[in-house]
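Understanding the architecture of this molecule
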Amino acid sequence: MDEGEKGRLEIDCNAEGALFVVACSSSCIDDFGNFAPTLDFGRGLLPTVDYSGGISSYPLLLVHITYLKCGGVALGVRIDHHLADGLSALHFINTWSNMARGLDLAIPPTINRTLLCARDPPRTLLNHNHHIVYQPSNDHDQHESTGAETVVSVLTFTREQLNILKAMSTMTKEQEDDMSTLLIKYTSFEVFAGHVWRCACKAHELANDQETNLYFAVNGRTRLQPPLPPGYFGNVIFRAAATAVAGDLISKPLSYAASCIHNAMVCMDDDYVQSELDYLELQQRHQDLSSLAHGTHVRCPNLGITNWFTLSLYDADFGWGRPSFLGRAGIPSEGKATNHGLSLCINLHSRHMNTFSKLVYDI
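The text that follows walks through the structure, step by step, so that each part is easy to find. In this text the structure is predicted, and so the values were computed from the model without any measurement.

Definitions and cut-offs
- Residues numbered from 1 in each chain as written.
- Predicted model: local features only at pLDDT ≥ 70, side-chain atom pairs only at ≥ 80, totals over all residues.
- Heavy atoms only, no water.
- Helix = DSSP H or I, 4+ residues; strand = E, 2+ residues; numbered from the N terminus.
- Expected span 1.5 Å × (residues − 1).
- Buried < 20%, exposed > 50% of the residue type's maximum accessible area, 1.4 Å probe, protein only.
- Pairing = 2+ DSSP bridges.
- Axes fitted to C-alpha atoms, helices over the stretch in contact; angles between N-to-C directions.

Helix length check: helix 8 (residues 254-266) (13 residues) gives 18 Å between terminal C-alpha atoms against 18 Å at 1.5 Å per residue, within 8%. For helix 8, every residue scored as buried is listed here: Leu254, Ser255, Ala257, Ala258, Ser259, Cys260, Ile261, Ala264 and Met265.

Below you can see the structure in the form of structure tokens.
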């Protein structure tokens, strides 16, 4: 990675390859418990980076293979998000595992960054919240984020619990034109994220009039028109935010929280994501975009959740069978969460986690 003439980050194809580390460990798989992505969990399983040489020296792909005492193997992968999002990273890993077993390349990568260029001239929608989902970080925020002890927990749910939540969120809507009734069902993510959002508001004991945002990532591949080609390799994640006041989230049924998320999701059509690209292009002209990369304020009273419900997490078979676990190696800041399958990994202040853990299972 290097900076171009106009200060824009560019990928420098210098053929220096990836950082590849092979190690042996006296640990067994059982020693990692429930694989909670704490800061200690990733140590020894992920490659470390020497940041002293400047951005041009950073490897874009780092791989760490650890052979465990019990015969298991841990594969730790770090990919620069400028290069790829989660979908592309899994496409790479799954393709790599297929080729290791002698299979042909099923979906070749499409590498064409011009497909995500802003329009000329850039033109944002009049009604947008790009300024909310892309907020620059500042020293005050960084100070607050280290002011209290946080803890990372893994909370596991059953399919029955998820079905109960979905049943709780199902609602009916009267059709004015023909007086019929429309049954409204929300997706698993909308329901689950809404439940987590409500419980976090309760655990934080937010005031009724406190505004709160739920930030989440949206895959833009099929939302752009025309859609990006299959196998597009890059980062096509756009940020979205659902906004509500805590009192409404807590007092109203789960369907209200799910509807807030659903409405924010529906807004992310071609016009909106094109507007988001244009907004970032305009910001590029006035400030360093890296200040927006981690600037979303997910700390209390807000929450950020990453949706892994639809990712192909367990398809990587290098010849030893499918993995027994795949997940994040760490969640470094308070207010962030990831759901994959029926598990929730979340980082909260320690004083809130105990209450949250009880509330989230009160179904």
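Turning next to the sheet that holds strand 5 (residues 73-79). Pairing between sheet strands relies on hydrogen bonds along the backbone, with the strands arranged either parallel or antiparallel. A sheet is described by the order of its strands in space; here 3 strands give the open sequence 3-4-5, paired in mixed fashion. Both edges of this open sheet fall to strand 3 (19-24) and strand 5, since each of them pairs with a single strand only. Here the average twist between neighbouring strands, direction ignored, is 10 degrees. Relative to strand 4 (residues 61-67), strand 3 runs parallel, the two being bridged by 6 bridges. When the sheet's bridge partners are listed, Cys24 is paired in strand 4 with Tyr67.

This paragraph deals with the sheet that holds strand 11 (residues 303-307). Pairing in this open sheet of 6 strands is mixed, and the strands run 6-13-12-11-9-10 from one edge to the other. Each of the sheet's edge strands pairs with one partner strand only, and the pair in question is strand 6 (150-156) and strand 10 (237-245). Here the average twist between neighbouring strands, direction ignored, is 20 degrees. In this structure, strand 9 (residues 211-219) lies alongside strand 10, joined through 9 bridges in antiparallel fashion. Bridge pairing links Asn219 to Ile237 in strand 10.

Buried residues dominate strand 13 (residues 343-349), accounting for 7 of its 7 residues. Judged from the 7 bridges that link them, strand 6 and strand 13 form a sheet pairing that is antiparallel. When the bridges of strand 13 are listed, Val154 appears paired with Cys345. Across 4 bridges, strand 12 (residues 336-340) lies against strand 13 in antiparallel orientation. Bridged to His340 within strand 13 is Ser343. Here strand 12 folds back onto strand 13 in antiparallel fashion, the turn holding 2 residues, of which Gly341 has a positive phi close to 65 degrees.

Everything listed here is a matter of geometry and, on its own, says nothing about what the molecule does.
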